[in-house]
Amino acid sequence: MPRANIATAILLLAACGSSDDAIPGEPIDCRPISAGKFERICTIQRTDSPDGRVIVARAPDGGFRRFLIVRDGRGVIAADGAEPVAVRPGDGAHVDVTAGDMVYRLPAKVAS
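All figures in this text were calculated on a predicted structure; none of them were measured in a lab. (Residues numbered from 1 in each chain as written. Predicted model: local features only at pLDDT ≥ 70, side-chain atom pairs only at ≥ 80, totals over all residues. Heavy atoms only, no water.)

*Asks:* Break down the state of the cysteines for me, citing the residues and quoting the values.
*Replies:* Each disulfide consists of a covalent bond between the sulfur atoms of two cysteine residues. By the definition in use, this model includes 1 disulfide. Two residues, Cys 30 and Cys 42, share a disulfide whose sulfurs are 1.9 Å apart. Taking the torsion about the sulfur-sulfur bond, which here is approximately 70°, the covalent link between Cys 30 and Cys 42 counts as right-handed. Here Cys 42 lies in strand E2 (residues 39-49) and Cys 30 lies in strand E1 (residues 26-32), a separation of 12 residues in the sequence. Judged on exposure class, the residue Cys 30 and its partner Cys 42 are both buried. (Disulfide = S-S within 2.5 Å. Helix = DSSP H or I, 4+ residues; strand = E, 2+ residues; numbered from the N terminus. Buried < 20%, exposed > 50% of the residue type's maximum accessible area, 1.4 Å probe, protein only.)

*Asks:* Give a detailed account of the packing of aromatic side chains, specifying residues and quantitative values.
*Replies:* Inspection of every chain in the model, using the stated rule, returns 1 aromatic pair. Their ring planes at 70° and their centres at 5.9 Å tell us that Phe 67 and Tyr 104 sit as a pair that is edge-to-face. Remark: Tyr 104 occurs in strand E8 (residues 102-107) and Phe 67 occurs in strand E4 (residues 64-69); sequence separation between them is 37 residues. Each member of the pair, Phe 67 as well as Tyr 104, is classed as buried. Here the guanidinium or amino end of Arg 58 rests over the ring plane of Phe 64, the centre of that ring lying 5.4 Å away. Lying across the ring of Phe 38, Arg 105 places its NZ or CZ 3.8 Å from the centre. (Phe/Tyr/Trp six-rings, centres within 6.5 Å; stacked < 30°, edge-to-face > 60°. Lys NZ or Arg CZ within 6 Å of the ring centre and 35° of its normal.)

The following block contains the structure:
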């Protein structure tokens, strides 16, 4: 096998993962809109951007949503502006953010 083909095969194998691979980030509860209960099957990652803190929420199917934390009373908005989100206060330690067909339970300090 030529050297270039070996290198390509190694790179392809390194990129492969198993179905048991964990989603990177901090685990959070989430659920599809159609599901009745939350499960700890999603993750979030936080990064800072020039616009503020961005949260990337990842679903177990590989889908993800980007949210921007805002300080104007809304809590979070869609960071990419693609689709509006609905935010509902939780128990004081989280907010439920509906985006597309998922509801993410994001950690938050809810002001009273």
